[in-house]
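Structural features, examined
Chain by chain, the residues run as shown.
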Amino acid sequence: MKVRDSGMPEEEMWSDFFDPEKILRTFGLDRGVKDIVEFGCGYGTFTLAAAKLAAGTVHALDIEPEMVETVREKCRQAGVDNVHAVVRDFVAEGTGLQHDSIDAALLFNILHNEEPLALMTKAFHILKPGGRLAVIHWNYDPATPRGPAMEIRPRPEQCIAWGRMAGFTFDERERFDLPPYHYGLLFRKPFS
Ligand SMILES: C[S@@+](CC[C@H](N)C(=O)[O-])C[C@H]1O[C@@H](n2cnc3c(N)ncnc32)[C@H](O)[C@@H]1O
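Keep in mind that what you see is a predicted model, and the values were worked out from it rather than measured.

Below, the discussion takes up the pairing of strand β6 (residues 169–178). The sheet contact formed by β6 and strand β7 (residues 182–188) spans 6 bridges and is antiparallel. By the bridge assignment, Phe-176 is partnered in β7 with Gly-184. A loop of 3 residues connects β6 with β7, the two strands running antiparallel in sequence.

Around the ligand, the surrounding shell holds 21 residues, and the nearest of these are Met-1, Trp-14, Gly-40, Asp-62 and Asn-109. At 2.6 Å, a backbone N or O of Gly-40 approaches a nitrogen atom of the ligand. Asp-89 places a polar side-chain atom, nitrogen or oxygen, 2.9 Å from a nitrogen atom of the ligand. For the ligand, whose free accessible area comes to 600 Å², the fraction covered by protein is 99%.

Read across the sheet, 7 strands follow the order β3-β2-β1-β4-β5-β7-β6 without closing on themselves; strand pairing throughout is mixed. What marks the edges here is a single partner per strand, and that holds for β3 (83–87) and β6. Averaged over all neighbouring strand pairs, the angle between strand axes comes to 15°, with direction disregarded. Of the strands in this sheet, β1 (36–39), β4 (102–108), β5 (127–138) and β7 are in contact with helix α6 (residues 116–126), which crosses β5 at around 150°.

Further remarks concern unusual backbone geometry. For residues that are not glycine, phi is negative in most cases, and the peptide bond is trans in most cases. In this structure, Pro-180 follows Pro-179 across a cis peptide bond, with omega equal to 10°. Tracing the backbone through its elements, the reader meets Pro-180 in the loop between β6 and β7. Even without being a glycine, Asp-5 presents a positive backbone phi close to 50°. Following the sequence through the fold, Asp-5 ends up in the segment before α1 (11–15). For Asp-5, a relative accessible area of 46% puts it in the partly exposed group.

Turning our attention to helix α4 (residues 65–78). Here α4 contains 14 residues, and its C-alpha end-to-end distance of 20 Å stays within 8% of the 20 Å for a straight helix at 1.5 Å per residue. Three or more residues of α4 are buried, namely Met-67, Val-68, Val-71 and Cys-75. Angularly, the buried residues of α4 cover 100° about the axis, an arc narrow enough to put them on a single face. Opposite the packed face of α4, turned more than 90 degrees from it, sit the exposed residues Glu-66, Arg-76 and Gln-77. One or two positions beyond α4, positive phi appears at Gly-79, with a value near 70°.

Moving on: the pattern of salt bridges. Under the criterion given, the structure shown has 13 salt bridges. For Glu-157, the salt bridge is made with Arg-175, and the minimal N-O distance between the two is 2.6 Å. Taken together, the residues Glu-157 in helix α7 (residues 156–166) and Arg-175 in strand β6 connect sequence positions 18 residues apart. In this structure Glu-157 comes out as partly exposed when scored by relative accessible area, which is 45%.

Cut-offs applied
Residues numbered from 1 in each chain as written. Predicted model: local features only at pLDDT ≥ 70, side-chain atom pairs only at ≥ 80, totals over all residues. Heavy atoms only, no water. Pairing = 2+ DSSP bridges. Helix = DSSP H or I, 4+ residues; strand = E, 2+ residues; numbered from the N terminus. Near = heavy atom within 4 Å. Polar contact = N/O pair within 3.5 Å; in protein donor to acceptor, adjacent residues only side chain to side chain. Areas by Shrake-Rupley, 256 points an atom, 1.4 Å probe, with all protein chains shown as cover. Axes fitted to C-alpha atoms, helices over the stretch in contact; angles between N-to-C directions. Contact = heavy atoms within 4.5 Å. Buried < 20%, exposed > 50% of the residue type's maximum accessible area, 1.4 Å probe, protein only. Expected span 1.5 Å × (residues − 1). Arc of directions from axis to C-beta. Salt bridge = Lys/Arg side-chain N within 4 Å of Asp/Glu carboxyl O.

As structure tokens, this is what we get:
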């Protein structure tokens, strides 16, 4: 089931909102990280940047075949060979990835979905102990030029509560302002 309010504007507009490499580095995702999963890769705004940083594979999942094809084509053009882009409904089918197998998960602009706790729990299961879950979302501010409706847009505090319920630890020092319109939260899966 496609997440509510998860359609995208034109790519040019969307990519103007982000500095993908800077955001990934803010989360400490650099060449120390091996395998990454991205829930809802969209145009691949973050996928290719993640692929350049990852020592392993970036699993890029999206329910829209056109988005997946766009990402594959970008990878072909850029000579990037460590992205595994697949059409998959992660709400209905899960990720298809093994438990305790992934180093980092990205939930970017997707936690306004109908079952955010279930989604964070899916991420929790596939992450290795010590693995990281990075979340970004639109500021809780009706003045942002895009973003889901305010009624379904989560505040950072709400995401933190869901993350803790899913089993992650969260340290306030790993809460980030990502101007101009986003916030970021880094969760960690405990070792035991
Ligand atoms: C708002 S976009 C965000 C894209 C990307 N994470 C980013 O921040 O640039 C959400 C993406 O999630 C995808 N999506 C929505 N529901 C999904 C589902 N159930 N399974 C897989 N992908 C889904 C949409 O097709 C869309 O590409």
